[in-house]
Number of protein chains: 2
Amino acid sequence: MTVEFSELVERTLDECLPAAGTRPAALCEAMRYAVGSGGKRLRPLVCLNAAIAVGGRAEDARHPAAAIEILHNYTLIHDDLPAMDNDVERRGKPTVWKKFGEAEAILAGDALLALAFRVAAKAPRNADAVVEALGDAGVGVVLGQADELSAMRGGASGSATDDDFAYRRKTADLFVAAAAMGALAAGGSAADVARLREYALRFGLAFQYADDLADGDGLFTRETAESRVAEHAEAALAALSGLPGDVSFLESLAKRVASPCGFRGFRV
Amino acid sequence: MTVEFSELVERTLDECLPAAGTRPAALCEAMRYAVGSGGKRLRPLVCLNAAIAVGGRAEDARHPAAAIEILHNYTLIHDDLPAMDNDVERRGKPTVWKKFGEAEAILAGDALLALAFRVAAKAPRNADAVVEALGDAGVGVVLGQADELSAMRGGASGSATDDDFAYRRKTADLFVAAAAMGALAAGGSAADVARLREYALRFGLAFQYADDLADGDGLFTRETAESRVAEHAEAALAALSGLPGDVSFLESLAKRVASPCGFRGFRV
């Protein structure tokens, strides 16, 4: 099932991105390069599986799934810019600004962000609510990034704090949108959409704390991060109870995030 | 009437932007600074008047109107960046990156772009089509900017050419979205939406050529620009015929763009 889902994501992304050679060619090439460079596609898989979890069809969530992956990839392009994290490599390849130049990277990110909404609006049900969910995440992720930037500059990095505003906004908000959009596009009930939002919030937080542990950095101490991963993964699993459809993939994600290997080498 | 419309735009923008002091404060201040710094508000006024032109209510187009102005202002923030036009002043004040820093300017632009879609989705009718129109413009404006960047770097600036791809995308597309969104949100017929798209395409092109003449630069010769302003302004006026509502404001814009003073000192 997940292999089929993975193919559905790739096919939809390919359909939605500007065809190779579309004018202006360099920009469209940069857009395809960014989205096509081998991410785990976790967010679109959460989106499709949220549709299944409410008893709907994955097919109905394919545009929202592509939209959240496109939006996720715009954030990576802009985060890598010299004025931001100044990264030259991502997923073993040159970052977009390093390969295409800084102006093209700013513009490619901008174009992907706008395209994400264009694609989300194709949802077959509740298109306005789908777009609102993506809009909340799109604003949230930037607020989180800016908040983390201030914390890093203010020297709060590595200090023990209870405040995970940045993690909620920059990471969890995208998973929340992925789950909510999938459930909404598949016609899920308000109660089931709320269950999936809670699942995704908790999974997203566990994911960000686990990412800190894997990278050996982040805003929190190792002990804090370890206990937060366990706590949020458990809450994510609990939130799945009562859903009418198949939740096995979402369950496996929540178990994997709490396991020692995490998402290293993840492939469906 | 236009003064009331202007107040409706400012009130809606104020409601939709993050309240002063919202976390993270610097980013939200940068967002408000960018949108609040005294533009002509032409695009939102076109949007509200498109609602009137189809026989609808301006009030129904207030969120689309705010959305197009928010999107327009994100394009200005990113265009001014050092890696793009490297401008330090706009409308007599420091540009966003000059005042808040480069990273904050990238992020403030990103947040405004996402917010524009969040706001557009509040349209009381045809929200999915409203978002699609904004998405087309959001992608188009970036394609136009990237195309112009290539042309400038390739040395085509000032050369006589018939190719106004960049002008259609970077300028006219936003006016087309403004008109289409206003007409759709007010429940206009498909034929009337099409009339207003044609009006806005032609007005937007005339506006860009007139802007070149005023600034003494651009991709075209002075003679070409002058004849294009007249031709497109006339076509814009012609496109208004057959609309059921009041088109006097849209008419006045098309006349003004073709007049010697253009939009210098424009205030409603």
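Look up: the structure comes first, before these words.
Each value, and the rule that gives it
- Every chain's residues receive numbers from 1 upward, in the order its sequence appears when written.
- Going through the entries in the order they are written, you letter the chains from A and number the ligands from 1.
- Given that the model is predicted, a residue must reach a pLDDT of at least 70 before its local features are reported, and side-chain atom pairs must reach 80 or more before they are shown or counted; all residues, however, enter totals for whole chains, interfaces and linings.
- A least-squares superposition brings the copies together, and it is based on the C-alpha atoms of residues with pLDDT no lower than 70 in both.
- Residues are treated as contacting if the C-beta atoms built from their backbones sit within 7 Å of each other.
- For this scheme, ten residues count as nonpolar: Ala, Val, Leu, Ile, Met, Phe, Trp, Tyr, Cys and Pro. Four count as charged, namely Asp, Glu, Lys and Arg, and the remainder, Gly too, count as polar.
- Residues with at least 20 other C-beta atoms within 10 Å of their own are called buried, those with 12 or fewer are called exposed, and the rest are partly exposed. The C-beta atoms themselves are positioned from the backbone.
- A run of DSSP states H or I qualifies as a helix once it reaches four residues; a run of E qualifies as a strand once it reaches two. Both are numbered from the N-terminal end.
- Note that the arc is computed from the directions linking the helix axis to the C-beta atoms.
- Take the buried Ala, Val, Leu, Ile, Met, Phe, Trp, Tyr and Cys residues, join any whose C-beta atoms are within 7 Å, and the set you get is a nonpolar core.
- To define axes, lines are fitted to C-alpha atoms, for helices over the stretch in contact only, and angles between the resulting N-to-C directions are given on a 0 to 180 degree scale.
- Under this scheme an angle from 65 to 115 degrees is roughly perpendicular, one under 35 degrees roughly parallel, and one over 145 degrees roughly antiparallel; angles in between are oblique.
- The crossing is said to be left-handed when, going from far helix to near helix, the turn is anticlockwise and less than a right angle, and right-handed when the turn is clockwise.

Once chain A is rotated about the relating axis by 180° and shifted along it by 0.0 Å, it coincides with chain B to within an RMSD of 0.0 Å. In the structure described here, the two chain copies are related by an operation that fits a two-fold rotation axis. Distance from the rotation axis, computed per C-alpha, reaches its smallest value in chain A at A:Asp128: 3.0 Å. An overlap of 100% is found between the interface residues of chain A and their copies at the interface of chain B, pointing to a shared contact surface.

Take the interface of chain A and chain B next. The partner chain B presents 37 residues to the 37 residues of chain A that form the contact. Here the side of chain A that touches chain B is built from residues that sort into 23 nonpolar, five polar and nine charged.

What follows deals with helix α2 (residues 25-35) of chain B. One full turn of an α-helix is made of 3.6 residues, so residues set three or four places apart face in the same direction. Every buried residue of α2(B) is listed here: B:Leu27, B:Cys28, B:Ala30, B:Met31, B:Ala34 and B:Val35. The arc that holds every buried residue of α2(B), seen down its axis, measures 155°, which confines them to one face. In this fold, the buried residues of α2(B) make contact with α7 (127-153) of chain A together with α1 (2-16), α4 (62-79), α5 (96-100) and α6 (102-120) of chain B.

Let us look at the nonpolar core. Core analysis: the largest hydrophobic core is formed by 204 residues, its most contacted members being A:Leu134, A:Ala179, A:Met181, B:Ala108, B:Leu134, B:Ala179 and B:Met181. When neighbours within four sequence positions are excluded, B:Met181 is seen to be in contact with B:Cys47, B:Ala61, B:Pro64, B:Ile68, B:Ala120, B:Val130, B:Ala133 and B:Leu134.

Turning to the environment of A:Pro24, a few remarks are in order. Relative to the assigned elements, A:Pro24 resides in the loop between α1 (2-16) and α2 (25-35). Excluding residues that lie within four positions of it along the chain, A:Pro24 makes contacts with B:Leu143, B:Ala146, B:Asp147 and B:Ser150.

All names here are of chain B. Where α2 meets α6, the closest approach of the two axes is 9 Å, and the angle between their N-to-C directions is 70°. In terms of axis orientation, α2 runs roughly perpendicular to α6. For the element pair α2 and α6, the recorded crossing hand is right-handed. Within the contact between the two elements, α2 uses Ala 26, Leu 27, Ala 30, Met 31 and Ala 34 and α6 uses Glu 104, Ala 105, Leu 107, Ala 108, Ala 111 and Leu 112. Looking at side-chain class alone, the contact of α2 with α6 contains 10 nonpolar, no polar and one charged residues.

With that settled, consider the packing of α4(B) against helix α8 (residues 165-185) of chain B. Between two packed helices, the angle of one axis relative to the other and the distance separating the axes together describe the packing. Residues and elements named next belong to chain B. Contact geometry of α4 with α8 gives a least axis separation of 9 Å together with a crossing angle of 165°. In this view, α4 runs roughly antiparallel relative to α8, as classed from their interaxial angle. The handedness of the crossing between α4 and α8 is right-handed. Every residue of α8 that contacts α4 at Pro 64, Ala 65, Ile 68 and His 72 is listed here: Leu 174, Ala 177, Ala 178, Met 181, Gly 182 and Ala 185.

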